[in-house]
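Residues per chain are reported as follows:
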Amino acid sequence: MSGKNGPEITRLGSMRDVQRFQEHLQSLQLSIPCDRELVHGEESPLARPLLRGGLKIGNRIAIHPMEGWDGTADGNPSDSTIRRWQRFGRSGAKLIWGGEAVAVRNEGRANPNQLVMAEHTLKGLARLREVLIEEHRQTTGSDEGLLVGLQLTHSGRYSRPRQRLEPRILYRHPILDKRLGLPPDYPVLSDEEVAGIIEDFHRAGRMAQELGFDFVDVKHCHGYLGHEFLSAHTREGRYGGSFANRTRFLREVTAGIRSAAPGLLIGVRLSAFDMVPFRPDPDRSSPGKLGPGVPEPHEQCIPYRWGFGVNPQDPTQADLAEPVRFLSLLEELDIRLVNLTAGSPYYNPHIQRPALYPPSDGYQPPEDPLAGVARQMEMVRELKQRFPELMVVGSAYTYLQDFLPHVAQAALREGRVDSVGLGRMVLSYPAVLWDVIAGQTIQHKLVCRTFSDCTTAPRNGLPSGCYPLDSYYKASEAAEQLKAVKAKRRA
Ligand SMILES: Cc1cc2nc3c(=O)[nH]c(=O)nc-3n(C[C@H](O)[C@H](O)[C@H](O)COP(=O)(O)O)c2cc1C
Ligand code: SF4
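Residues numbered from 1 in each chain as written. Chains lettered and ligands numbered in written order. Predicted model: local features only at pLDDT ≥ 70, side-chain atom pairs only at ≥ 80, totals over all residues.

### Some thoughts on the site of ligand 1
Then step 1. In the region of ligand 1, 24 residues are neighbours, and H64, P65, A101, T398 and G423 sit closest.
Then step 2. Those elements giving two or more residues to the shell around ligand 1 turn out to be α13 (424–428) and α15 (453–459).
Then step 3. Taken together, the residues that form the shell around ligand 1 break down as 10 nonpolar, nine polar and five charged.
Then step 4. Looking at which domains feed residues into the shell around ligand 1, each of domain 1 (34–441) and domain 2 (451–491) gives three or more. (Near = placed C-beta within 6 Å. Helix = DSSP H or I, 4+ residues; strand = E, 2+ residues; numbered from the N terminus. Nonpolar A, V, L, I, M, F, W, Y, C, P; charged D, E, K, R; others polar. Domains from an automatic or database assignment.)

See the structure below:
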């Protein structure tokens, strides 16, 4: 049933029983696998090592990159950053996918507090890896089978190295340019400028290897620069138009890293499908109250040539034809580590991180957030089936809340995914899946309820963190500021 505020959504927080959850999934006709009983110890599908192509990852838990907007002005980690990485280690996950987005140059930072890869930050970044490994050893008893990567990024259209947005765009976007207030003559990055950024990635790869990271993630997701290349259909020159040109960035970055840092593994986090940008429905919004999300008007933009993994005739639908080509290319390039995600937190957050409560720049859920979880899980299942040799990490499980372990176990058991990635849940409850392996009871009071404060805070210039459930943030001065920001928005 749908009302003025969007669909009626049954809260999972009040549903403690797995059977009831399974019935609920059935009533929504969603294909989400879910085991009734959890298996503990070595027999748990979560505990099985992942072996492929000579690489061994000690279990099936992954931690997604989760940035905190809490680095220092010069791109070094702060105490809060260090604490977050310690908690990543405490998760017991044997795959640390990138830690958090680290900009390859200052002007490519997504916010003035994002970490930067540079000579003056090497010591700080090394410390992040060290504290994580130390904490991991204390939790699991050993760092055997632990793979730690660093996510390398340039924020492209969403660059904000100082207090205001300073977009670096690859092409004119009929909807996003307007949203960002870009005039028609706003400059597009030239091929020469792109070449300079590619060199930054090479340098950053070499530095990551010197710091001891096992791999780097060449980020291709969430609307940032790597992702924007894939949808640069309308761009002229070497990096736009054909599939070969749109993936040239990936090929050139990979070749240069391989030569600058021989032996360093490379992974790619990919938004495997996208949709047209969404906005709060203006007819169902009122002051202080966001309406449910609706697609931006796009009738004038068909065929839609500004997306990747999008049906050009109906950009509210995914189309995996090009993502399949992209994964074939990864195999050709001998890139085996793939982390699949979708959409962007800036223009369609319900696709990327399904949530019950919207962030301050979002909209009320246009669908039951479980549909968002199912959409990503189904995409992963399909791609995993086609590419059995890749090591595939899945995303967007956090909304499953208390049932995340049951779904994770079932997805692994059925071979739908190789490793289950934790995003928001790691902020509130890092050990949620480790507790299953260790035979501990799930701590319901730590389960992320998708309140979105970890996104609303940074959208308003505050550090990210789990303000509702993590006492470190709950008791902070920033929590008071966040409260004031939210009250002002409601007024
Ligand atoms: C506070 C916050 C920070 C994030 N930082 C990053 C990041 O640095 N790099 C990245 O690829 N994704 C980032 N994400 C996206 C998550 O990794 C993940 O894809 C998303 O939250 C969905 O997974 P979940 O349902 O487990 O939360 C971030 C998400 C949040 C909420
Ligand atoms: S603030 Fe905490 S409870 Fe809310 S979405 Fe983020 S991690 Fe989850």
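Still to come is the rest of the account.
### Focus: helix α9 (residues 321–332)
Then step 1. Between its terminal C-alpha atoms α9 stretches 17 Å, which fits the 16 Å expected from 12 residues at 1.5 Å a residue.
Then step 2. For α9, the set of buried residues is P323, F326, L327 and L330. One side of α9 carries all its buried residues, which in axial view fall inside an arc of 95°. Of the exposed residues in α9, the ones pointing more than 90 degrees away from its buried face are A321, R325, S328 and E332.
Then step 3. After α9 finishes, the residue D334 shows a positive phi value of roughly 60°. (Expected span 1.5 Å × (residues − 1). Buried ≥ 20, exposed ≤ 12 C-beta atoms within 10 Å, placed from the backbone. Arc of directions from axis to C-beta.)

### Description of the domain arrangement of the protein chain
Then step 1. Assigned domains within the protein chain: domain 1 (34–441) and domain 2 (451–491).
Then step 2. Here the C-alpha centre of domain 2 lies 23 Å away from the C-alpha centre of domain 1.
Then step 3. In this assembly, 18 residues from domain 1 lie in contact with 18 residues from domain 2.
Then step 4. Mapped by element, the contributors of at least two residues to the side of domain 1 that touches domain 2 are α2 (79–90) and α13.
Then step 5. If one sorts the elements of the side of domain 1 that touches domain 2 by residue count, α13 sits on top with three residues.
Then step 6. The residue makeup of the side of domain 1 that touches domain 2, split by class, is seven nonpolar, six polar and five charged. (Contact = placed C-beta atoms within 7 Å.)

### Some thoughts on the site of ligand 2
Then step 1. Around ligand 2 lies a shell of 14 residues, among which C448, F451, D453, C454 and C466 are the nearest.
Then step 2. Put simply, the parts of the chain that give the shell around ligand 2 at least two residues each are α13 and α15.
Then step 3. Looking at the shell around ligand 2, the element that brings in the most residues is α13, giving three residues.
Then step 4. Across the shell around ligand 2, the residue classes break down as eight nonpolar, three polar and three charged.
Then step 5. Of the domains in this structure, domain 1 (34–441) and domain 2 (451–491) are the two that each give at least three residues to the shell around ligand 2.

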